Amino acid sequence: MLDPIQSEANQIIKQLETDLEKGNLDQTKYLGKRGLFRKLAQKIKDVPPEKRQQAGKLINQVKKTLETKVRQHLKTPSIPTNSIDLTTPGEKPKVGHLHPISQAIEEISRIFERIGFIRVRYPEVDWDWYVFESLNMPPNHPARDEWETFFVDRPDTTGEIEYDERDPRKRHPSLIGGGKLVLTTHTSNSQVREMERLKKPPIRMINIARCYRRQQDATHTQMFHQFEGLVIDKNITIQDLKGTLNYFAKKFYGPEVKSRIRPFHFRFTEPSFEVDFSCHICGGTGKVNGKKCKLCKSGWHEVGGAGMVHPNVLKAGGIDPDKYTGFAFGWGVERTYTLKPGLNIDDIRQFYGNKVEFLKQF
Amino acid sequence: MNILIPHTWLLEHLKTKATPKQIRTQLSLSGPSVERIEEREGEEVYDIEITTNRVDVMSVRGVAQEAAVILDNAGIEAELKPLKLPKLTELKPHRPTKSLPKITNQPKHIKRIMTVVLSGINTTATPAWMARRLKQIDQNVHWAAIDITNYITHELGHPCHAFDYDKIMALGGEIIVDEAKKGERFETLDGETYQAVGGEIVFRAKDGTIIDLPAIKGTANTAVDENTQNILFWIENMDAKKVRFASMTHDIRTVAAQLNEKHVDPYLAEPTLALGIKLYQEIVGAQVASQVHDEFPSKKEPQQVKVPLKVFERYLGLKLETAVIIKILSRLGCQVKQAGQDLLITPPTYRQHDLKIPADFVEEVARIYGYHNLPDKIMGGPLPLKRPDNDTFDLEEKIRHFLADVGLYEVYTYSLVSEKLALESGFPLESHLKLANPLTDDKVYLRRSLLPSLNQVIATNPTHKDLKVFELAKVYHPKGNKTERPEEVMILALSFRAGYRKARGIIEALFDRLFIYEYDFVLDEDQNKAKIVAKKESRLVELGSISLVSYQLRSTQDNKDWLVNAQIDLNSLAQVIHKHPRYQKLPKTSPVIEDLTFAIPKKVRVGEVIKAIKQTSPLIQEVRLKDIYKDRYTFTIYYLDQKENLSDKDIIPLRKKIITHLTYDFDCKLIGQMAS
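Residues numbered from 1 in each chain as written. Chains lettered and ligands numbered in written order. Predicted model: local features only at pLDDT ≥ 70, side-chain atom pairs only at ≥ 80, totals over all residues.

Peer 1: Run through the overall build of chain A, naming residues and quoting values.
Peer 2: Tallying secondary structure elements over chain A gives 13 helices and 11 strands in all. Principal axes of the C-alpha set define a box for chain A whose edges measure 120 × 55 × 45 Å. Going through the 362 residues of chain A one by one, you find that 46% of them count as buried. Partitioning the contacts of chain A with sequence separation of at least 6, the portion at a separation of at least 24 is 68%. (Helix = DSSP H or I, 4+ residues; strand = E, 2+ residues; numbered from the N terminus. Buried ≥ 20, exposed ≤ 12 C-beta atoms within 10 Å, placed from the backbone. Contact = placed C-beta atoms within 7 Å.)

Here it is, written out as structure tokens:
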């Protein structure tokens, strides 16, 4: 009495296989509520009771076979040929863009964080004392001329206390009702502020912030970004500064780039240096195929200033210059970034022009 | 300050076979930076940046002196040539002699005066060789009697001046050093008139007339002109601060002022006077007509500095032989004595303002030794661990990346804004910090809101019809107390040229990403603005706001659009975010999901309706607005019981409750038939 069930089962399986070959399998046709298997299973009631157990086994086997075949099929779905043209362009999701300065800042932060620097943020509108005086730049000193300073239109509360090079904290803002308010011309106001925050070394600081100078042309905007590094501890030497600069140059521009320091003068460092990076185009030779390198003209790019922290600055920050030494460096973010290969942006005003055509390239 | 030095002029002071290129390289590595070599008048001219501390190098002689040491140390033979000048003590005045004017000095202001009368001045043209050099260094060529003073200043680095001797004598024959009084007028030799602010050092004639602005610029009433027959060749060494004060106050930035404000060496006066006499004799046929007058009341000898030898090691990280250190310093003109473990160093007179502390001498030794000869390393030692309290850098980075990834453009706009943008902030103009010395009209105020700047960015990109931008930057709020610094607050600002739902959705998605669980947009009295709030424990923190603004997108009057603006205070945001989610066990049951559509009257706020649906039962897990068509709003409602699967039996009463609530309390009307 099992034969009819067996032969019908065989038929169903054969049919399924044919459908599979054609690639148009509708599984409900076999396994759905009103599917062929259900119909087959219902036939069990025509089977005499003594054979039902056997029939049940058979039917179960059929079900397994059907299910396995269907499952296998679902795992390797067949794609109808020619229905999708693979040369059709993709549909990109709408994405925006990070500003190039953010990208530069992130990269710079990462590089210094890896060697233990802590990123900080300090005022952009700050007392003259932090921006100049604590940095060994007395009022009206010619060294201040380089910094085309914006002043905030507010009364100067400095009063009568005379500037004293030996005791720079005499005119600390907390003692003179602030003093004169300026827009930070550099990120170096963070130096004494960080010494005041940590009170004692070790200090490894990176400060990246907006700076302001009263100048405007293709290579200067009234606002720009700088990053400032400061390291203070026992036994910090020029060698550590050189090593740190070289490490940055290689990480930021590539392993073949070198850095060098040359003498310079800043009131807040002694010795002071100008920092150059070798040109990645000509490899520091100044020549490409026997001709003058168009990017650097001399083999090197001047990127910024550095130096060993001046003892007066340490004193201003309440740190004993006989115990500790340190170094500091500060450069423009825009300039540092545009020296990367392929980013020769000749007009830095573009960074603040915010044209979509510019931004979307980054 | 940059200085131009023609190569052949340099070679008059420097004996070397070094090529201009070698000179450039070596000077830049160990001394002043040679920025370029230019071809001028058929010759190489160095353009050299001299730092403000090295006024002793701001001359041809000064560069030669520096180059001699640097080149020699680099293994290129070089030597400073001696100056060949007449000996002042051997000068015999030519008869008939002329009497010097009576000079009344104030020694605290003028440290040294050297002067001599030169007679028989002809209006000779400047000789071609001198004119060529003056042109090479960007100086105007007048005639010899004047040009000689400029030439000498450039050659030796000490400014000098030629008065018309007869004009001085006609004014009473006196030179009185004095401070100007407020309001006094004087006319400089180029015809500009100035009014003194008081305290400028001036020279007066007997009757009080100002006859010179010393160390800065001459005045018209004593200037050399084409009729001048006798000159008073004059050198003064004035207090640098006083020079700086008058020069900056009146913005008279002559070469003389720029040198004199930096402590020119008073000992340079002698060779300067001698060179002046020599050149006036040779070029214009002048004769010495008086004794040389020299008063040097405040002679200051350089101070000896004690420098422990270990300081060099402390900075350089290596031990140099003492002999090497002494050799370098001696070559640079220092007198060095060793006393045990210390060096006693006396700098030369021309560097006494520059070499004062041990670190200054370290720099001298290190640069000549060569920075490139020092190894590189990265410091060891303990790392600082205490981070600043206001550290939101990670949060900012997360926000930036998320917003850029979902289609927004990050922009950087100026913190300084115009009056127009300041006003658009909604804060009164006078409540902004204002610059005392703005450079341009569009950057005068420190902004109190980023939004006007962002809206301007959208306006400058009119063709990008669905532009969405954001910026993370500070705003600056002045404090009532004028002796406090302004408050600087980090803000995330967003401006969308997009529908409200899209804009708000981006903010909501951002909040989800930052694991902020309970936040809300609370309508303000102004119907076009809502507060953004979030819960921190049991209290509500106000994060910022979202608003609709109409905005002029192009220059034409009628082309207005509306934008969605939002701003969020970073520090407040930092209080309500979480760095990781609150994990919830995966549900064992499945939600029942259904859509309900209601017609909602205009006066009713859809936000309130959604809240009402949610509050119907704790079994309503989520309500989403699926669609809006005219006044019809379709909501997708998720019913979920964590314990067991809900059946129709559970849902029907809930649904009824929702419908009743919305119908009676909100005047809404259910659309379509619901299966019972």
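Peer 1: Before we move on, could you go through helix H9 (residues 238-253) of chain A and cite the residues and values that matter?
Peer 2: All names here are of chain A. With 16 residues, H9 ought to run about 22 Å at 1.5 Å a step, and its terminal C-alpha atoms sit 22 Å apart, in line with that. By the burial criterion, the buried members of H9 are Ile238, Asp240, Leu241, Lys242, Thr244, Leu245, Phe248, Ala249 and Tyr253. Positive backbone phi, approximately 130°, marks glycine 254, located one or two places after H9. (Expected span 1.5 Å × (residues − 1).)

Peer 1: Describe the domain arrangement of chain B, listing the residues and the values that go with them.
Peer 2: Parsing chain B into structural domains produces domain 1 (2-80), domain 2 (88-295), domain 3 (305-370), domain 4 (393-576) and domain 5 (592-671). A C-alpha centroid distance of 94 Å is found between domain 2 of chain B and domain 5 of chain B. (Domains from an automatic or database assignment.)

Peer 1: I'd like a rundown of the interface of chain B and chain A, residues and numbers included.
Peer 2: With 79 residues of chain B in contact, the opposing surface of chain A contributes 73 residues. In terms of residue class, the side of chain B that touches chain A is made up of 36 nonpolar, 20 polar and 23 charged. (Nonpolar A, V, L, I, M, F, W, Y, C, P; charged D, E, K, R; others polar.)

Peer 1: Quick rundown of unusual backbone geometry? Include the residues and the values.
Peer 2: The step from proline 201 of chain A to proline 202 of chain A runs through a cis peptide bond, and the omega angle for that step is 10°. Turning to its location among the elements, proline 202 of chain A is positioned in the loop between helix H8 (189-198) and strand S4 (203-212). Glutamate 270 of chain A connects to proline 271 of chain A through a cis peptide bond whose omega is -5°. Secondary-structure assignment places proline 271 of chain A in strand S7 (residues 269-278). Residues other than glycine seldom take positive phi values, yet asparagine 354 of chain A does so here, at roughly 55°. Positionally, asparagine 354 of chain A belongs in the loop between helix H12 (350-353) and helix H13 (356-359). Asparagine 354 of chain A sits in the buried class, given 23 other C-beta atoms within 10 Å. A positive phi is found at phenylalanine 515 of chain B, a non-glycine position, where the angle reads about 55°. Of note, phenylalanine 515 of chain B is situated in the loop between helix H16 (500-513) and strand S27 (519-523). Classification of phenylalanine 515 of chain B by C-beta neighbours within 10 Å gives partly exposed; the count is 13.

Peer 1: With reference to specific residues and values, describe the environment of glutamine 575 of chain B.
Peer 2: Residue and element names in this part refer to chain B. If you trace the backbone, glutamine 575 turns up in helix H17 (residues 570-576). Owing to 13 C-beta atoms within 10 Å, glutamine 575 belongs among the partly exposed residues under this scheme. A C-alpha to C-alpha distance of 27 Å links glutamine 575 and serine 453, two positions 122 residues apart in sequence. Each residue touching glutamine 575, except ones within four places of it in the same chain, is listed here: Lys536 and Val541.

Peer 1: Can you break down the sheet that holds strand S10 (residues 300-309) of chain A residue by residue, with the values?
Peer 2: As a general point, the strands of a sheet are linked pairwise by backbone hydrogen bonds and lie either parallel or antiparallel. All names here are of chain A. Across the sheet, 7 strands lie side by side as S1-S4-S5-S11-S10-S7-S6; this open sheet has mixed pairing. Either end of the sheet is taken by a strand with one partner, and the two such strands are strand S1 (118-120) and strand S6 (259-266). Mean inter-strand twist for the sheet, computed between neighbouring axes without regard to direction, equals 25°. With 8 bridges joining them, S7 and S10 adopt antiparallel strand pairing. Its bridge partner lying in S10, glutamate 274 is registered against glycine 305. Here helix H5 (residues 100-113) sits on the sheet and contacts S1, S4 and strand S5 (223-233); the angle it forms with S4, its principal contact strand, is near 165°. H9 contacts S5, S6, S7, S10 and strand S11 (325-332) of the sheet and is inclined by roughly 125° relative to S6. (Pairing = 2+ DSSP bridges. Axes fitted to C-alpha atoms, helices over the stretch in contact; angles between N-to-C directions.)

Peer 1: Please set out H8 of chain A residue by residue, giving values where relevant.
Peer 2: All names here are of chain A. For H8, a buried count of 8 out of 10 residues is recorded, marking the element as mostly surrounded by other parts of the structure. Turning to H8, its buried residues number three or more, namely Asn189, Ser190, Gln191, Val192, Arg193, Glu194, Met195 and Leu198. Remark: lysine 199 follows H8 within two positions and exhibits a positive phi of approximately 65°.

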